[in-house]
Amino acid sequence: MAPFASSTPRRTAAAAALALAGLLATAAPAATAAPAAARTSSVGTAAAPDISLTAVKGHLTQLQSIATANGGNRAHGRPGYKASIDYVKGKLDAAGFTTTVQPFTYNGATGYNLIADWPGGDTNQVLMAGSHLDSVTSGPGINDNGSGSAAVLETALAVSRAGYRPTKHLRFAWWGAEELGIIGSKHYVANLPSTERAKLSGYMNFDMLGSPNAGYFVYDDDPVIEKTFKDYFAGIGVPTEIETEGDGRSDHAPFMNAGVPVGGLFTGASRAKTSAQAQKWGGTAGQAFDRCYHSSCDTTSNINDTALNRNSDALAHAVWTLSAGTTEPPTGGTYQNTADVAIPDGGTAVTSSVTVGDRTGNAPAALKVGVDIVHTYRGDLVVDLVAPDGTAYRLKNSSSGDSADNVRETYTVDASSETANGVWKLRVQDVARYDTGYVNSFSLTF
Ligand code: DTR
Ligand code: ZN
Ligand code: ZN
């Protein structure tokens, strides 16, 4: 199915592609590693390797030890932060990355960003993945944000181990002083010449990936990056929600404000998990996603292994997928809704809708209907397209013998008797008991 755009029902014009270009970081390098040795390598493919949870947690153990040896934290301006930078940089230098330490000053203290470029790839299309490495002063910051930093680090090391040669140029980043107001990433973006900034094909942010009472939140910003993450989680049968704690609350904000396509993942902070979320994800309703948020108890014991594992693999999937080539958004008129809609088991029908408002005349004789339903027994499902005037077009009948999972199809419907503009609905009903699922996305292409 072609990549889609838009996480809310809206038309995607033939928007600018993700593919733009970039050069190495322009900060005055405090130190750089030797260029990568020649390697046997895999040419850009979209199949990311599994990211080892053990390896990611090994980095967390190191960050914990650093905090313990440096007053209990890894905060901006404290020795624990620079020691964290040195740890991450050492791993990347040994793996063949070209690293740059970008110093900045805030609150009278020197902070550092660490930028790691993977040699090769088209430097006119730079895909970035980043996380803040600093903690608050009150604790070691293992979930916030050792988890994101360790997952980004291990993914970068996996790129090196694979000798991966992506079409795009890969750049990884660890930011300083996020906890004081997203200071490090703001400094990086502000000091990146506009010609370099325009070459960033996307920035993905990973801040808190292992919250003990985890939720699975996907940033609702660039639609192509969002769909890459949503498809990954749908593929492992994990429903996601869009991240709503606030667009400006982490290091993707300065990139977004500069017009760079952004996305990311988040497992939740101080907000309490609702009962509906607990039903969907497990965990405890009424309890914060991370009860140790910004506290001294944010240690290596404050990690949900399953959440960290899933998010680390989703991170790698996005790096591989989005760097393997130019991701062209769909041309023509594609309208899509990616909001998850739970389908009651053996219950009433539910709908996902898209509103078309900028077309003229009737719909085409070959209207493409993209259906993505995650379900454990697709034979239970009856699926219809309902036109704005209420006319129903049967896309799929129930079939008791079809026990396979999921409905991921593009149907072609002769909708030439229907006016194009209006609210189109995908109607789904589960007509038999004991299997469950949800609508992951619905799209129309005219
Ligand atoms: N500001 C982050 C935690 C945080 C809160 N809401 C969001 C939304 C998206 C990413 C991160 C966050 C911090 O304390 O580091
Ligand atoms: Zn924080
Ligand atoms: Zn954070």
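Residues numbered from 1 in each chain as written. Chains lettered and ligands numbered in written order. Predicted model: local features only at pLDDT ≥ 70, side-chain atom pairs only at ≥ 80, totals over all residues. Heavy atoms only, no water.

A. Fine view of the site of ligand 1. Close to ligand 1 lie 14 residues, the nearest being D144, E178, R249, Y293 and H294. Within the side chain of D144, one N or O atom sits 3.1 Å away from an oxygen atom of ligand 1. E179 is positioned such that a nitrogen or oxygen atom in its side chain is 3.3 Å from an oxygen atom of ligand 1. Grouping the amino acids of the shell around ligand 1 by side-chain chemistry returns four nonpolar, three polar and seven charged. (Near = heavy atom within 4 Å. Polar contact = N/O pair within 3.5 Å; in protein donor to acceptor, adjacent residues only side chain to side chain. Nonpolar A, V, L, I, M, F, W, Y, C, P; charged D, E, K, R; others polar.)

B. Just the state of the cysteines, in detail. Following the criterion strictly, the structure yields one disulfide and no others. Each sulfur in the disulfide pair C292 and C297 lies 2.1 Å from the other. Classification of the bridge connecting C292 and C297 rests on its S-S torsion, roughly -115°, and on that basis the disulfide is left-handed. By relative accessible area, which is 35% here, C297 ends up partly exposed. (Disulfide = S-S within 2.5 Å. Buried < 20%, exposed > 50% of the residue type's maximum accessible area, 1.4 Å probe, protein only.)

C. A look at the coordination of the zinc ion (ligand 3). For the zinc ion (ligand 3), the full set of protein donor atoms is H132 (NE2), D144 (OD), D207 (OD) and D207 (OD), at a range of 1.9 to 2.6 Å. Counting along the primary sequence, the residues that act as donors to the zinc ion (ligand 3) give the motif H-x11-D-x62-D. The two metals, the zinc ion (ligand 3) and the zinc ion (ligand 2), are separated by 3.5 Å and share D144 as a common coordinating residue. Note that D144 is positioned in helix α3 (residues 142–162) and D207 in the loop between β8 (200–206) and β9 (217–218), a separation of 63 residues in sequence. Comparing D144 with D207 shows no difference in burial state: the two are buried. (Donors = N, O, S within 2.8 Å, 3.2 Å for Na, K, Ca; no water. Helix = DSSP H or I, 4+ residues; strand = E, 2+ residues; numbered from the N terminus.)

D. A look at the environment of V428. Position of V428 relative to the elements: it lies in strand β19 (residues 422–430). Judged by its relative accessible area of 0%, V428 is buried. Through-space distance from the C-alpha of V428 to that of V350 is 5.4 Å; in sequence the pair is 78 residues apart. In this structure V428 touches I343, A349, V350, I373, L381, V382, V383 and V439, once residues within four positions along its chain are discounted. (Contact = heavy atoms within 4.5 Å.)

E. Molecular detail of the sheet that holds strand β16 (residues 381–386). In space, the four strands of this open sheet follow the order β14-β19-β16-β17, with antiparallel pairing throughout. Edge positions in the open sheet fall to β14 (350–356) and β17 (392–396), since each of these has one partner strand only. Strand-to-strand twist of the sheet, defined as the mean angle between neighbouring strand axes without regard to direction, takes the value 20°. Note: β14 against β19, seven bridges, orientation antiparallel. Counted as the bridge partner of S352 is L426 from β19. (Pairing = 2+ DSSP bridges. Axes fitted to C-alpha atoms, helices over the stretch in contact; angles between N-to-C directions.)

F. Geometry of the nonpolar core. L92, F172, W174, M204, F206 and F229 are the most contacted members of the largest nonpolar core, which totals 63 residues. Those residues in contact with W174 that sit more than four places away from it in its chain are Y81, V88, L92, Y112, N113, L114, A116, S131, L133, S149, V152 and L153. Counting 29 residues, the second largest nonpolar core, distinct from the first, contains Y335, I373, Y393 and V407. (Core = buried A, V, L, I, M, F, W, Y, C linked by side-chain atoms within 4.5 Å.)

G. Focus on the environment of A156. Mapped onto the elements of the fold, A156 is located in helix α3. Taking the C-alpha atoms as reference, A156 lies 8.7 Å from A116; in sequence the two are 40 residues apart.

H. Main features of the packing of helix α1 (residues 53–69) against helix α2 (residues 79–94). One can describe the packing of α1 onto α2 by two numbers: an axis separation of 9 Å at closest approach and a directional angle of 150°. Regarding the angle of α1 to α2, the classification is roughly antiparallel. Both α1 and α2 take part in a crossing whose hand is right-handed. Side by side, α1 and α2 meet where G58, H59, Q62, L63 and I66 of the first sit next to G80, A83, S84, Y87 and K91 of the second. Across the contact of α1 with α2, the residue classes tally to four nonpolar, five polar and one charged. (Parallel < 35°, antiparallel > 145°, perpendicular 65-115°, else oblique. Left-handed = near helix turned anticlockwise from the far one by under 90°.)

I. Seen up close, the confidence of the model for the protein. On average, residues of the protein carry a pLDDT of 88, and 87% of them reach 70 or more. Long-range and interchain partners of residues 326–331, a stretch whose pLDDT sits below 50, account for 21 contacts in this model, where long-range means more than four residues apart. (pLDDT = per-residue confidence, 0-100.)

J. Structural detail: the pattern of salt bridges. For the structure on display, the rule yields 13 salt bridges. Close ionic contact of D117 with R171 constitutes a salt bridge, the shortest N to O distance being 2.7 Å. One end of the pair, D117, is in strand β4 (residues 109–118); the other, R171, is in strand β7 (residues 168–175), and 54 residues separate them in sequence. Each member of the pair, D117 together with R171, is buried. The residue D384 makes a salt bridge to R394 at a minimum N-O spacing of 2.5 Å. With a gap of 10 residues between them, D384 in strand β16 and R394 in strand β17 connect regions that are remote in the sequence. Residue R394 is classed as partly exposed on the basis of its relative accessible area of 48%. What emerges from the salt-bridge pattern is a single network uniting D384, R394 and R427. (Salt bridge = Lys/Arg side-chain N within 4 Å of Asp/Glu carboxyl O.)

K. Representation of the sheet that holds strand β11 (residues 262–266) in the model. What the eight strands build is an open sheet, ordered β3-β4-β7-β5-β8-β11-β9-β10; its pairing is mixed. The sheet terminates laterally at β3 (98–106) and β10 (241–242), the two strands that pair on one side only. In terms of strand pairing, strand β5 (residues 122–132) meets β7 through eight bridges, oriented parallel. Its bridge partner lying in β7, L127 is registered against L170.

L. Layout of the coordination of the zinc ion (ligand 2). With distances of 1.9 to 2.4 Å, the protein atoms coordinating the zinc ion (ligand 2) are D144 (OD), E179 (OE), E179 (OE) and H294 (NE2). Classification of the site at the zinc ion (ligand 2) rests on its six donor atoms, whose angles at the metal span 55 to 150°, yielding the label irregular. Mapping the donors of the zinc ion (ligand 2) onto the primary sequence yields the spacing D-x34-E-x114-H. According to the relative accessible area criterion, D144 is buried, its value standing at 3%. (Tetrahedral: all angles 85-135°; square planar, octahedral: opposite > 155°, others 65-115°.)

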